[in-house]
Structures are given as structure tokens and as C-alpha cells.
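Per-entry structural report
Residue strings, one per chain:
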Amino acid sequence: MSETKAARTGSGEKKGDILVVLEKQTSGGVSIEATSTVEALFGEQIRERAGETLRELGIEHAHLVAEDNGAYDYVIMARIEAAARRLWDVAEPGCPPARKVPVASPVRDRLRRTRLYMPGNDPNLMFGGGRYGADTVILDLEDSVAPAQKDAARVLVRNTLLSVDYAGAERIVRINPLSTEYGAADIRMIVPAGPDTILIPKCDCAGDVAAVEEIVARVEAEHGIAEPRLLMPLIETARGVLNAAEIAAASDRVCALCFGAEDFTADLGVERTREGTESFVARSLIVLGAKAAGVQAIDTVYSAFKDTEGLVESTREAMMLGFEGKGVIHPSQIEPIHEVFRPTPERIEYAKSVVAAIEEARAKGSGVATIKSKMIDRPIEMRARKILRLAGALGLLDEGDAG
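Residues numbered from 1 in each chain as written. Predicted model: local features only at pLDDT ≥ 70, side-chain atom pairs only at ≥ 80, totals over all residues. Heavy atoms only, no water.

**What to know about the overall build of the protein chain**
Applied cut-off: Secondary structure counts use DSSP, requiring at least four H or I residues in a row for a helix and at least two E residues in a row for a strand, with both numbered from the N terminus. Contacts are assigned to residue pairs with any non-hydrogen atoms lying within 4.5 Å of each other. Two residue types count as positive, namely Lys and Arg, and two as negative, namely Asp and Glu; His and chain ends fall outside the count. For charged residues, the charge sits on one atom: NZ in Lys, CZ in Arg, CG in Asp, CD in Glu.
A count of helical and extended segments in the protein chain gives 14 helices and 14 strands. Expressed along its principal axes, the backbone C-alpha trace of the protein chain runs to roughly 90 × 45 × 45 Å. For the protein chain, long-range pairs separated by at least 24 residues make up 75% of all intrachain contacts whose partners lie at least 6 apart in sequence. Each charge sign in the protein chain was given a centre, from 49 positive and 62 negative side chains, and these centres are 4 Å apart.

**Focus on the layout of surface pockets**
Rules: Here a cavity denotes grid points, spaced 1 Å and computed from the protein atoms alone, that fit a 1.4 Å probe unable to get out, and a pocket denotes an open set having protein on both sides within 12 Å along at least 5 of 7 lines; residues with an atom within 4 Å of a point are the lining. Grid points are joined across faces, edges and corners, and a volume is the space filled by probe spheres set on the points. When residues are grouped by polarity, Ala, Val, Leu, Ile, Met, Phe, Trp, Tyr, Cys and Pro land in nonpolar, Asp, Glu, Lys and Arg in charged, and all others, Gly among them, in polar.
In this structure, the largest pocket occupies an estimated 1200 Å³ of space. Considering the residues around the largest pocket, the lining is formed by 33 residues, among which Glu324, Lys386, Ile387, Arg389 and Leu390 are closest to the centre. Those elements giving two or more residues to the lining of the largest pocket turn out to be helix 11 (308-321), helix 13 (345-363) and helix 14 (378-393). Among the elements that make up the lining of the largest pocket, the one with the highest residue count is helix 14 (12 residues). Here the residues of the lining of the largest pocket are counted per class, giving 16 nonpolar, three polar and 14 charged. Roughly 440 Å³ of internal volume is contained in the second largest pocket. Looking at the second largest pocket, it is lined by 23 residues, and the ones nearest its centre are Tyr117, Asp140, Arg174, Val301 and Ile329. Where the lining of the second largest pocket is concerned, the elements lending two or more residues are strand 5 (114-119), helix 9 (261-268) and strand 11 (296-301).

**As for the sheet that holds strand 4 (residues 62-68)**
To be explicit about the condition: We call two strands paired when DSSP finds no fewer than two bridges between them. The convention used is that axes are lines fitted to C-alpha atoms, helices contributing only their stretch in contact, and that angles between N-to-C directions extend from 0 to 180 degrees.
Spatial ordering of the open sheet is given by 1-2-4-3, a layout of four strands whose pairing is mixed. The sheet is open, and its two borders are formed by strand 1 (6-9) and strand 3 (30-36), each paired with just one other strand. Each strand axis lies, on average, 10° off the axis of its neighbour in the sheet, ignoring direction. Of the pairings in the sheet, the one linking strand 3 to strand 4 comprises seven bridges and is parallel in character.

**Things to note about the environment of Ile198**
Along the chain, Ile198 turns up in strand 8 (residues 197-200). Contacts of Ile198, omitting those with residues within four sequence positions, involve Ile172, Val173, Ile175, Ile190, Val191, Leu230, Leu231 and Met232.

**Quick notes on unusual backbone geometry**
In the segment running from Glu92 into Pro93, the intervening peptide bond is cis, with an omega of 15°. The topology assignment puts Pro93 in the loop between helix 2 (73-87) and strand 5.

**Structural notes on helix 2**
Worth spelling out the cut-off: Any helix carries an expected span of 1.5 Å times its number of residues minus one. We call a residue buried when its accessible area falls under 20% of the maximum for its residue type, exposed when it is over 50%, and partly exposed in between, using a 1.4 Å probe and counting protein chains only.
Look at helix 2: 21 Å from first C-alpha to last across 15 residues, which is about the 21 Å you get at 1.5 Å a residue. When we look at burial in helix 2, the residues that qualify are Tyr74, Val75, Ile76, Met77, Ala78, Arg79, Ile80, Glu81, Ala82, Ala83, Ala84 and Leu87.

**Re the side chain of Asp140**
Definition in use: Counting of polar contacts relies on pairs of N or O atoms within 3.5 Å, with two restrictions inside protein: one atom must be capable of donating a hydrogen and the other of accepting it, and residues adjacent in sequence are counted only when both atoms are side-chain atoms.
Tracing the chain through its elements places Asp140 in strand 6 (residues 136-140). For Asp140, a relative accessible area of 2% gives the class buried. Looking at Asp140, its side chain comes within polar contact range of the main-chain nitrogen of Glu142, at 2.9 Å. The contacts of Asp140, once residues within four sequence positions are left out, are Met118, Pro119, Gly120, Val145 and Arg174.

**With respect to the sheet that holds strand 5**
The parallel closed barrel is built from eight strands, whose spatial order is 5-6-7-8-9-10-11-12. Geometrically, the sheet is characterised by an average inter-axis angle of 25° between neighbouring strands, direction not taken into account. Direction of pairing for strand 5 relative to strand 12 (residues 325-328): parallel, over a ladder of three bridges. Following the sheet pairing, Arg115 is matched in strand 12 by Gly327. In this fold helix 6 (residues 206-222) packs onto strand 8 and strand 9 (230-235), with an angle of close to 145° to the strand it touches most, strand 9.

Here is the structure:
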């Protein structure tokens, strides 16, 4: 039982958030003081939601002061629950909101051109994350969340997964490393809420994947989750780069390898440059490791989000190296990256002609096809089919076009 008398979570200054100050009491029941920027419309509803949350948490004596700035119910519940967990031994699962978003079936091979990072303790940014068209959204519990707010962010991310529809985007949660006090607790709270994929930071070896998988599998069994969640190792160190192949092959749940250049260059003790020459070898090794295991490779973020020209150059290089996507720290980076990965009409038409030629040759019992006197071999066919699969996923093919 905590000896702390009061706990504070959230913010009354951030849009879409609420500041909660919960004071532990020994008698007198529950009292609530709440103000809101939307008092006229929702003031009474906020107080009712706060009272219901405290009752569901089994709290009988407390004084709650709240300053609301337009928070949704699931945010109010998260902030109160996080404060309560700092004061009482709350019985699991706490007070999660009713599920509004169905649990999706994770898809190993899907579009991952962009993965948009959103701080896990910012309800407004997370709520709007699905409107920008990123293929993947990442609710981040690691680098973007201060240690003192890790517990509050964990509850908020769980409630967000249960409540916010990301319009078909893959929903990933970046947990904290298991080497910290937060990692295992992240998995226990997040997995029941049904993310598609868990992003494993600072992944240095196959054992790091196995350790996360063991906890995830245990939580899935406890909660009757039939479809295994996917894993996405994030390689950010020299050791991790050298072990990329074994990391990619560590589990059938691994769907992609990601590269994190900021921590990687810090590990090397060098500056990160616009050209990225210091990470060229590492990026190449990660692509090779991923491809050897039959999974996707996804490049690091381009940190200078106002430098669109540099972003496009970096994305073109990533695509030429074999990456299927790139990290995104600002919504304005999404469309330029998508445009780079979008097959041109000329490439699509050429890919169609390659597939048509090879299939015609096979229908005639020949294993050799040519286009304009150029022999079509297996690697050319594979590249053509990859272009058509991407074009198909983007809706760029006519009905009946082969992939």
C-alpha cells in the first residue's frame, strides 16, 4: 500500500487532456471538484464519469480536483486510473473503457511505407494520428515519454487502443526495453488491448526477441487471444546491426526489421549527417538480414522534418537499398515518402509486360521469355511481380492484372 497522499496526472494545458489531482482520504467518501473548457456542454458529464471511474476502481474515500481541456471519456478514465494506481493497489485490469475498436487480425506482409510516431502521453496527438494516411501508427511508450510519466502513458495508450479507430492503419506500440522496469509492465497492460504489433526497442540479439515473445505469448494465453501479435525489432546499436539476420529469424512473429539511426550513431560516437554515410553499411546489413529471413526492412526517420528535399533523397536511397518504408516524425513527411514508393505508370506497364511474357512462355512449355530481345530471367520476374503487388495494394491495377 502506498504511503503517498496525493497523485497528479495529465495536463490542464494540453488540448484534449485533463489534469487530475487525486488525494487519498481515510473517510468522508468521494468528493469531486472539476472545471472544464467545455463546462456548459459537458461539465456534469465529466463529473459523472470521474465518479463512475473511482467507483469502478473501488475507491471509497478520496478528493479529486480536475481541470479539463476537452478530454474524451477514455482520457479522463486513464488519467484518474493512473493517479489511483499511484495511491492504491488497484486490482487488475483497472478500469479500461468498453472496447469500441475491434481487435484486428495482424497482417505480416502489408504496406509499411510510413510509420508515424506519436508520444504515448499526448492524448490529442494520438487521437488525430489516423487522419494523416500513414500506413502504420506507433503509440510510443519509450523515448518520447519521461520516466515519471511512463505509468500514466501506459494506461492512456491502452485506453486509446480500445477507443480510437485508426482507419485501417497498422497499430503498433513501442514498449520500453525489458532491461528497464517498464518493459514487462507495458506488455502486460498493452497486449490485451489488441495492438497489431509490438515494436521492440534496442534489440541487440535474438534473445531480446525471444524474451518479449515469451511474455507476449503468456499474456495472450491468459486473455484468450487466439491470433498472435506480431513483433518488429528496432535495431539501434552496432551489436544489433551485426546480429540483424539472427534477430529477423528469431521468431515467426517477426514481420520487419526497423533501423534507428539516432541511437545507432550515438552508439558509434559519431554525428548523424544529412548524407547518412555513417549508417550506410548498417542500413545495408539490416536489409540483408531482413531479406534473408523473408521479412520487411524499414528505414530510420529523417529528423529534419522541414527539409523535404533531403527527405525525398533519403527515401529514394532507402528504396534502392531494399527498404519497404521509412519512419515519420511529422505528418508532413508522409506524402513525400508515399510518392517515392509509388510505382510509376511506366514501371507498372513494364512489370505487366514481363509477367505476361513469362506466363506466355510457360504456357508454350518454354522456360525462356524475351522482351525486345532481352531475356527475362527469374530476378527480373521477381522484381516485376513485387512492383505489381505494390501497385495492387495501392489500387493502381485494373481488374484482372496479374500480381
